[in-house]
Amino acid sequence: MFVYLSVKHQPISRMLQRINLENILFLDIETVPETELFDELNDQKKELWDQKSKYQRKEEYTPEEFYERAGIWAEFGKIICISVGFFNYKGTIRSFRTTSFHGEESTLLKEFKNLLNTHFNQTKHLLCGHNAKEFDFPYIARRMLIHGIELPYKLNLFGKKPWEIPHLDTMELWKFGDYKHFTSLKLLANIFGIPSPKDDIDGSQVREVYYVEKNIDRIVTYCEKDVVTTAQVFLRLRGDELLAEEEIKSV
């Protein structure tokens, strides 16, 4: 866990207050199965999918019926959008800016890597997402390696000690050490009085919107809303005021 969170006998809000908000890159990803249809996989990949998914689907679904969920596995899915957001202060004026990378997967991964290497490449810089330590961060890293892209420093965890890993996770912060506890971003938004990001689609609909509707703009909007909500949750955990609508800008 990040070193600032290891300080004993301090409220979590005080520990998080020690982090400069401008040093955090908030992010979220959207993923889909690597092909629209199960039949588009070659025979070997179909067999591997059968083996990989059998414990999750058990006997309730055939491998083909279960394939619509393949996007959650980096070996059988792909990233179609990475949205990021960051705070900016000009004197006392605060803003939160979001932008997204989408399109062909290897291209968007290279563009995201370039952002990390040019603007968030210092030791003080942190990456933050919701359930990102379990999903977003490893998924991005795995897909980069699949495409032969060298991992940027912020995602290369090999040889790093736990306190050297520059990752924050709002779900982990909410767990307070209760590692069996899962809380969705939607639920945290509700209990903290944050406008829900799920006012259009949810994660289960992304595959259909991408492959059937072919509406990437709708997915980008959804992904950026999740980034804003993650930042809002982080503010509440710090004890800060939420972002007002006029402080949020898409660039």
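As a reminder, the structure under discussion sits directly above these lines.
Residues numbered from 1 in each chain as written. Predicted model: local features only at pLDDT ≥ 70, side-chain atom pairs only at ≥ 80, totals over all residues. Heavy atoms only, no water.

### Here we look at the packing of aromatic side chains
Within a pair of aromatic rings, the relevant descriptors are the distance that separates the centres and the angle that separates the planes. The final tally for this structure, using the stated rule, is 16 aromatic pairs. For the ring pair W49 and W73, a centre distance of 5.3 Å and an interplane angle of 75° mean the geometry is edge-to-face. With W49 in helix α2 (residues 43-57) and W73 in the loop between α3 (63-66) and β2 (77-90), the pair connects residues that are 24 residues apart, well separated along the chain. The same class applies to W49 and to W73, which are both buried. (Phe/Tyr/Trp six-rings, centres within 6.5 Å; stacked < 30°, edge-to-face > 60°. Helix = DSSP H or I, 4+ residues; strand = E, 2+ residues; numbered from the N terminus. Buried < 20%, exposed > 50% of the residue type's maximum accessible area, 1.4 Å probe, protein only.)

### Some points on helix α4 (residues 105-119)
Structural remark: α-helix, 3.6 residues per turn; residues separated by three or four positions point the same way. In a regular helix each residue adds 1.5 Å, so 15 residues correspond to 21 Å; α4 covers 21 Å between its end C-alpha atoms and thus fits that length. Taken residue by residue, α4 has E105, S106, L108, L109, F112, K113, L115 and L116 as its buried positions. (Expected span 1.5 Å × (residues − 1).)

### Structural notes on the sheet that holds strand β6 (residues 248-250)
Overall, mixed pairing links the six strands, which are arranged β5-β4-β1-β2-β3-β6 in an open sheet. Both edges of this open sheet fall to β5 (167-169) and β6, since each of them pairs with a single strand only. Averaged over all adjacent pairs, the angle separating strand axes in this sheet is 30°, with direction ignored. When strand β4 (residues 126-129) meets β5, the two strands line up parallel, connected through three bridges. Along β5, the bridge assignment pairs G129 with D169. Running over the sheet, α4 touches β1 (24-33), β2, β3 (93-102) and β4 and is turned about 25° from β2. (Pairing = 2+ DSSP bridges. Axes fitted to C-alpha atoms, helices over the stretch in contact; angles between N-to-C directions. Contact = heavy atoms within 4.5 Å.)

### Structural notes on α2
The terminal C-alpha atoms of α2 lie 20 Å apart, and with 15 residues this matches the ideal 21 Å at 1.5 Å per residue to within 8%. Of all the bends found along α2, the most pronounced is centred on Q51 and spans about 30°. Among all positions in α2, only K46, W49, S53 and R57 are buried. Against the buried residues of α2 lie α3. Among the residues of α2, the N-terminal cap falls to N42, whose side-chain oxygen and the backbone nitrogen of Q44 are separated by 3.2 Å. Downstream of α2 by one or two residues, K58 has phi in the positive range, about 50°. (Bend = angle between axes of the 7 residues up to and from the residue. Polar contact = N/O pair within 3.5 Å; in protein donor to acceptor, adjacent residues only side chain to side chain.)

### Description of the pattern of salt bridges
Inspection of the entire model under this criterion finds nine salt bridges. K52 is paired through a salt bridge with E75; the nearest N and O atoms lie 4.0 Å apart. Of this pair, K52 sits in helix α2 while E75 is found in the loop between α3 and β2, placing the two residues 23 residues apart along the sequence. Overall, the relative accessible area of 37% leaves E75 in the partly exposed class. The residue E247 makes a salt bridge to R94 at a minimum N-O spacing of 3.0 Å. (Salt bridge = Lys/Arg side-chain N within 4 Å of Asp/Glu carboxyl O.)

### Remarks on the nonpolar core
The tendency in soluble globular proteins is for nonpolar side chains to be buried as a group. Ranked by internal contacts, the top residues of the largest apolar core, which has 26 residues, are I24, F26, F87, F96 and F234. Put simply, the parts of the chain that give this core at least two residues each are α1 (12-17), β1, β4, α7 (185-191) and α9 (216-238). A total of seven residues in this core trace back to one element, the largest contributor, which is α9. Apart from the residues within four sequence positions on either side, F96 is in contact with F26, G85, F86, F87, V227, V228, A231, L243, E247, I248 and K249. One finds A74, F101, L109 and L127 within the second-largest nonpolar core, a separate group that totals 24 residues. (Core = buried A, V, L, I, M, F, W, Y, C linked by side-chain atoms within 4.5 Å.)

### A look at the packing of helix α8 (residues 206-213) against α9
Where α8 contacts α9, the two axes come as close as 9 Å, and the packing angle between them is 155°. Comparing the axis directions of α8 and α9 gives the class roughly antiparallel. Contacts from V206, V209, Y210 and E213 of α8 reach α9 at I216, R218, I219 and Y222. Residue composition of the contact of α8 with α9, by class: six nonpolar, no polar and two charged. (Parallel < 35°, antiparallel > 145°, perpendicular 65-115°, else oblique. Nonpolar A, V, L, I, M, F, W, Y, C, P; charged D, E, K, R; others polar.)

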